[in-house]
Amino acid sequence: MTEELRSNSFRAPMRRVLVACGVGFGVAIPVATVVGWLAGGSTVGLGLLLGLAVPALFFGLTVLAGVLAARLDNGPFVGVVMGSWLLKVLALMLLMAAIRDAEFYDSVAFFAGFVCGVVGWLAAEIVVVLRAKTPYVEVSGGA
């Protein structure tokens, strides 16, 4: 498979994932924040906001790194994606440690938003990837 074809067969569905999830989270985050704020006060609203924003950023940056690195050979591509993933895991651990005992957000609302964000992102990604028409066999054009 040519480098360009391989690159496009990865980038096209991943761009659709970014768009679909961007639109979904772009609607879900403000709606959940306002509903949570009205139903349970500012701590619930902020908990939902943070809970949805963390997976959106985590997964979004992973897909974006993959899309940007798609033109690289397999070795450097995997290095870029895994390196960005490891940095984000470290940042996530530091963030969670920093806000563990904070009182400005509701931890139950954070957990609910986080779980909904992860499940929502992964569901959208599965649907987009399963619907993608990606070549998996290289056909050589000669004898």
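Everything below is about the structure shown above.
These notes cover the structure that comes with them.

About the thresholds
- As a convention, each chain's residues are numbered from 1 in the sequence order in which they are written.
- Given that this is a predicted model, residues contribute local features only at a pLDDT of at least 70 and side-chain atom pairs are listed and counted only at 80 or more, while totals for whole chains, interfaces and linings are drawn from all residues.
- As a rule here, side-chain values come from all non-hydrogen atoms in the structure, and water together with hydrogens is ignored.
- Think of each axis as a best-fit line through the C-alpha atoms, taken over the contacting stretch in the case of a helix, with angles from 0 to 180 degrees between the N-to-C directions.
- Under the scheme used here, helices are H or I runs from DSSP no shorter than 4 residues and strands are E runs no shorter than 2 residues, and both carry numbers assigned from the N terminus.
- Crossing handedness is read from the near helix: turned anticlockwise from the far helix by less than a right angle, it gives a left-handed crossing, and turned clockwise, a right-handed one.
- Should any heavy atoms of two residues lie within 4.5 Å, those residues are considered in contact.
- Stacked, tilted and edge-to-face are the three classes assigned to paired rings of Phe, Tyr and Trp, where Trp is represented by its six-membered ring and a pair needs centres within 6.5 Å; plane angles under 30 degrees give stacked, over 60 edge-to-face, the rest tilted.
- Whether a residue is buried, partly exposed or exposed follows from its accessible area with a 1.4 Å probe, protein chains only, as a fraction of its type maximum: under 20%, in between, or over 50%, in that order.
- The scheme is simple: roughly parallel for angles under 35 degrees, roughly antiparallel for over 145, roughly perpendicular for 65 to 115, oblique for anything else.
- When residues are grouped by polarity, Ala, Val, Leu, Ile, Met, Phe, Trp, Tyr, Cys and Pro land in nonpolar, Asp, Glu, Lys and Arg in charged, and all others, Gly among them, in polar.
- Here, the term nonpolar core denotes a set of buried Ala, Val, Leu, Ile, Met, Phe, Trp, Tyr and Cys residues that are joined through side-chain atoms within 4.5 Å.

Where helix α2 (residues 42-69) contacts helix α4 (residues 107-131), the axes come no closer than 7 Å and their chain directions differ by 30 degrees. Crossing geometry of α2 relative to α4 is assigned as right-handed. Contacts between α2 and α4 involve V44, G47, L48, L50, G51, L52, V54, P55, A56, F59, G60 and V63 from the first element and A109, F110, G113, F114, G117, V118, W121, L122 and E125 from the second.

What follows concerns the packing of aromatic side chains. The tally for this structure, following the rule as stated, stands at seven aromatic pairs. Centroid distance F58 to F59: 5.8 Å. Interplanar angle 85 degrees. Geometry classified as edge-to-face. Taken individually, F58 and F59 each receive the classification buried, so the pair is uniform in this respect. Ring centres 5.8 Å apart and planes at 20 degrees place the aromatic pair F59 and W121 in the stacked group. Taken as a pair, F59 in helix α2 and W121 in helix α4 lie far apart in primary sequence, 62 residues in all. Exposure class is identical for F59 and W121. Each is buried. Linked through ring pairs, F25, F58, F59, W85 and W121 together constitute an aromatic cluster.

Let us now look at the packing of α2 against helix α3 (residues 74-99). α3 packs onto α2 with a crossing angle of 165 degrees between their chain directions and a minimal axis gap of 9 Å. Here α3 runs roughly antiparallel to α2, going by the angle between their axes. Considering the relative orientation of α2 and α3, their crossing is right-handed. Residues V54, F58, L61, T62, A65, G66 and A69 of α2 touch α3, and the partners they reach there are F77, V80, V81, S84, W85, K88, V89, L92 and L95. Taken together, the residues of the contact of α2 with α3 sort by class into twelve nonpolar, three polar and one charged.

Grouped burial of nonpolar side chains is what soluble globular proteins tend to show. Judged by nonpolar contacts, the single largest core of 16 residues is most densely connected at M14, V17, C21, F25, L52, V63 and W121. Among the secondary structure elements, those contributing two or more residues to this core are α1 (3-40), α2 and α4. When residues of this core are assigned to their parent elements, the largest contribution, seven residues, is made by α2. Setting aside residues up to four positions removed in sequence, L52 forms contacts with F25, A28, I29, A32, G113, F114 and G117.

This paragraph deals with the side chain of T33. Of note, T33 is situated in helix α1. Taking the relative accessible area as the measure of exposure, T33 reaches 12% and is therefore buried. Once residues lying within four places of it in the same chain are set aside, the contact partners of T33 are G45 and L49.

Nothing here speaks to function; it is geometry throughout.
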